[in-house]
Amino acid sequence: MKMKPTVAVHKFSSCDGCQLAFLNAGEALVTLAGLVDIVHFAEAGYLDEEAKVDIAFIEGSVSTPHELERIKTIRENSAMVITIGACATSGGLQALRNMHDKDQWVEGVYALPEYIELLEDSRPISEFVKVDLELWGCPINTRQVVAAVRALLFGVLPVDEHDKVCQECKRQQHVCVMVAKDEPCMGPVTRTGCGAICPSVGRDCYACYGPAELPNTGAMARRLEGLGLTSEAIAQRFLFINNHAEAFREEAIKWQEQGQ
Amino acid sequence: MSQHVFLSHRDSQRLFDALDRAGYQAQAPQPKDGALVFSPIRQASDLPWGQHDTQRPGHYRLSQDDSPRAFAWANGPQALKPQLFAPSEPLWQVARDADGKLRFQACAPKPQKRALIGVRPCDLAALAIHDAHFLGGERDGHYAARREGLLLVAVNCSHPAQTCFCVSTGDGPAAKEDSGYDLLLDELDDGFVIRAGSGAGEQLLAGLALEAATPGQLASAKGQQHQATQGQLRHLPDNMASALPNQMTHPQWDKVAERCLACGNCTAVCPTCFCHSEREQPALDGASSEHLREWDSCFSSGHSYLHGHLVRESGAQRYRQWLMHKLAWWPEQFGRIGCVGCGRCISWCPVGIDISAEAHLLCQGGEA
Ligand code: SF4
Ligand code: SF4
Ligand code: SF4
Ligand code: SF4
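Caption draft 1: Seen up close, the overall build of chain B. A count of helical and extended segments in chain B gives 13 helices and 15 strands. A globule of 368 residues ought to have a C-alpha radius of gyration of about 21 Å, and chain B, at 22 Å, matches this closely. Overall, the C-alpha framework of chain B stretches about 65 × 65 × 35 Å when taken along its three principal axes. Each of the 368 residues in chain B was classed as buried or not, and the buried ones make up 57%. Taking the intrachain contacts of chain B between residues at least 6 apart in sequence as the baseline, contacts between residues at least 24 apart amount to 71%.

Caption draft 2: Examining the pattern of salt bridges more closely. Tallied over the full model, the rule gives 30 salt bridges over all chains. In this structure, R61(B) and D182(A) form a salt bridge, with 3.2 Å as the shortest nitrogen-oxygen distance. Of this pair, R61(B) sits in strand β5 (residues 59-64) while D182(A) sits in the loop between α8 (177-181) and α9 (197-200), placing the two residues on different chains. Since its relative accessible area comes to 24%, R61(B) is described here as partly exposed. Two residues, R195(B) and E177(B), come together in a salt bridge whose shortest N-O distance is 3.2 Å. Of the two residues, R195(B) sits in strand β11 (residues 191-196) while E177(B) sits in the loop between α5 (166-169) and β10 (183-188), which places them 18 residues apart along the sequence. Taking the relative accessible area as the measure of exposure, R195(B) reaches 10% and is therefore buried.

Caption draft 3: Structural view of the sheet that holds strand β3 (residues 53-59) of chain A. All names here are of chain A. Ordered in space as β2-β1-β3-β4-β5, the 5 strands form an open sheet in which the pairing is parallel. What marks the edges here is a single partner per strand, and that holds for β2 (37-41) and β5 (133-135). The sheet shows a mean angle of 20 degrees between the axes of neighbouring strands, taken without regard to direction. In this sheet, β3 lies alongside strand β1 (residues 6-11) in parallel orientation, the contact comprising 5 bridges. By the bridge assignment, A8 is partnered in β3 with A56. Most of the contacts of helix α6 (residues 142-154) go to β5, to which it runs at about 155 degrees, and overall it touches β3, β4 (78-84) and β5.

Caption draft 4: Region of interest: helix α10 (residues 217-226) of chain A. Among the 10 residues in α10(A), 7 count as buried, and that is most of the element. T217(A), G218(A), A219(A), M220(A), A221(A), R223(A) and L224(A) are the residues of α10(A) that are buried. Packing partners of the buried residues in α10(A) comprise α8, α11 (231-239) and α12 (246-259) of chain A together with α9 (252-259) of chain B. Within two residues after α10(A), G228(A) carries a phi angle of roughly 100 degrees, on the positive side.

Caption draft 5: Spotlight on the interface of chain B and chain A. Facing 44 residues of chain B, the contacting portion of chain A comprises 31 residues. Roughly 2900 Å² of surface becomes buried between chain B and chain A when both sides are summed, with 57% attributable to carbon and sulfur atoms. Remark: the boundary between chain B and chain A carries 3 salt bridges. We note a salt bridge from E213(A) to R318(B), for which the minimum N-O separation is 2.8 Å. Between the two partners, chain B and chain A, sit 18 residue pairs in polar contact (both at pLDDT 80 or more). Those elements that place two or more of their residues in the side of chain B that touches chain A are β3 (35-40), β5, α9, α10 (265-269), β13 (288-295) and α11 (315-334) of chain B. For the side of chain B that touches chain A, a count of residues per class yields 21 nonpolar, 13 polar and 10 charged.

Caption draft 6: Main features of the packing of α9(B) against helix α13 (residues 355-363) of chain B. Residues and elements named next belong to chain B. At a minimum axis separation of 10 Å, α9 and α13 run at an interaxial angle of 155 degrees. The angle between the axes of α9 and α13 places the two elements in the roughly antiparallel class. Note on element contacts: α13 touches α9 through E358, L361 and L362, opposite Q252, W253, V256 and R259. Residue classes in the contact of α9 with α13 are distributed as 4 nonpolar, 1 polar and 2 charged.

Caption draft 7: Structural context of α11(A). Listed in full, the buried residues belonging to α11(A) are S231(A), I234(A), A235(A), R237(A), F238(A) and L239(A). On its buried face, α11(A) sits against α10 and α12 of chain A.

Caption draft 8: Representation of the packing of α11(B) against α13(B). Residue and element names in this part refer to chain B. The geometry of α11 relative to α13 is characterised by a closest axis approach of 12 Å and an angle of 90 degrees between their N-to-C directions. Considering the angle they form, α11 stands roughly perpendicular to α13. Side by side, α11 and α13 meet where Y319, W322, L323 and L327 of the first sit next to I355, E358, A359 and L362 of the second. In terms of residue class, the contact of α11 with α13 is built from 7 nonpolar, no polar and 1 charged.

Caption draft 9: Here's a closer look at the nonpolar core. Membership of the largest hydrophobic core comes to 97 residues, with the highest contact counts inside it found for F238(A), Y319(B), W322(B), L323(B) and L327(B). A per-element tally of this core places α11(B) first, with 7 residues. Apart from the residues lying within four places of it in its own chain, the contact partners of Y319(B) are W253(B), V256(B), C260(B), F299(B), I353(B), I355(B) and E358(B). Listed in part, the 26 residues of the second largest apolar core include L116(B), Y143(B), L152(B) and W295(B).

Calculation rules
Residues numbered from 1 in each chain as written. Chains lettered and ligands numbered in written order. Predicted model: local features only at pLDDT ≥ 70, side-chain atom pairs only at ≥ 80, totals over all residues. Heavy atoms only, no water. Helix = DSSP H or I, 4+ residues; strand = E, 2+ residues; numbered from the N terminus. Rg over C-alpha atoms; globule rule 2.2 N^0.38 Å. Buried < 20%, exposed > 50% of the residue type's maximum accessible area, 1.4 Å probe, protein only. Contact = heavy atoms within 4.5 Å. Salt bridge = Lys/Arg side-chain N within 4 Å of Asp/Glu carboxyl O. Pairing = 2+ DSSP bridges. Axes fitted to C-alpha atoms, helices over the stretch in contact; angles between N-to-C directions. Buried area = accessible area lost by both parts, 1.4 Å probe. Polar contact = N/O pair within 3.5 Å; in protein donor to acceptor, adjacent residues only side chain to side chain. Nonpolar A, V, L, I, M, F, W, Y, C, P; charged D, E, K, R; others polar. Parallel < 35°, antiparallel > 145°, perpendicular 65-115°, else oblique. Core = buried A, V, L, I, M, F, W, Y, C linked by side-chain atoms within 4.5 Å.

The following block contains the structure:
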């Protein structure tokens, strides 16, 4: 990586929440601006979508024919492509439409559906172009971005944080909400990185960081069943945010089929 | 041999005042988010009066009634471990000075006088193991600093949980003479029978000028220790030492792995587990970095990742490492098994896997 790499932040189908990991970084944003050259970041006022860059951060999934063209150009123009967040990495909320009648949804949501041009499915970036690094989460946080950029500046790949949320939850000494309150916590199958936010406020993790390494989704699902969740509710726990992550999707489909 | 004295519940604030005068910051288990968790305390009235725990595999509930006791429960999710072996802490920092040279700085914590009230006999047994691990051989400065100022007010168990099996490991429900407490309490309905186990304990007791415990009070304390012993439901297999080491290929490993989430909750709540990993946390500008030590677990992939190769890929291999290290291999390392029968890994396992039940299944059929 050269001394001051060029960086672009691109937005696809998404809520803009992951870009806030940069924008809300406070002092770190000032430091970052001194370490890299931000050449495209529409939300921050830098506009040069076609620029050749060293690092392209991609937020959002590919949902429209236009986005499909854009992602191919960006890949050609970027030495390294990093997806940020669930939409770009594993489909996100909007990919839920892939399992339903999209035309019906469009009609239900938009006043003038004839202006909406969609691909059949909404899919993560890696299904269209090669992705060099994935930052999971919905949304990702500043700590993840800072760690990734710092590692790349040092010339190494960032550490893949793939342990379970439980590990961090226990380091912070939160009382387990599943054991003490029968909450359907997804922490035991979910990737760390958030800082165990939900258990810290007494809530169940809803798996927004996607599957951890070695996720025993079957055992997790049976535990949820034991807590009284219906087959459909169990499927929804897995599909909610990261429905294109294979481990979650496959488990969900099993329970959906069982529910029918 | 220290004398047994009696402190009535009515007068229990006097113990807190004495600790305060001696410069100790006191902590005791108090209800928080549905469990008993060590928290700072100044008033005897903040002890967990009337609290009870109900524990089963994968289940922990607190309830309260008008019991006159403060220790009518077994334990919470923490032992002493987080107090001494911090879940996450910087070991050292490094920064560039004006000449561009790297300067390293250790970050050892300062010793602090702390009194922990409500320590259980199994916690003391686990502490002895951690002392051997962190202070015997290579001395861990961070652990040592926290250990130094610690005063232990232990309470014998009168209400073991359904998950407890300290009788079977020999670590409870009453603390052994030389188990390292400063004060040891037996709680009766109207107060505490107390004895000292160290110089610091003797001094505190002398300051309180309490009456000797009556033979009747001593008999009640003995009686409830006996009852607590009789009441335990779980135990480890009698043939474990000879049978377990031979079970590396037992089909039960695959069976338990079907249920095990490999989440590491068991190792985190276990008072004897000591595994950790270390990582770098550089500042964004690259001019400084913190070297962190964090609790790790044999259920994580990093624990067995060696130079591009993951030694324990499957849940079965990881569960086997946990159980075998605790129950089969620990004696070689520390001269005893790595389990003190606290039952925490059973209650706090999200899917209720029971290490004692697994040990029985593995040892069935004897020496394979
Ligand atoms: S609260 Fe959730 S994340 Fe925390 S230990 Fe329990 S199951 Fe794991
Ligand atoms: S193995 Fe389980 S029962 Fe034994 S000391 Fe550890 S947590 Fe307690
Ligand atoms: S059981 Fe696992 S986590 Fe605990 S000390 Fe042994 S190897 Fe470490
Ligand atoms: S035994 Fe229970 S607590 Fe331990 S890793 Fe398996 S599921 Fe988690």
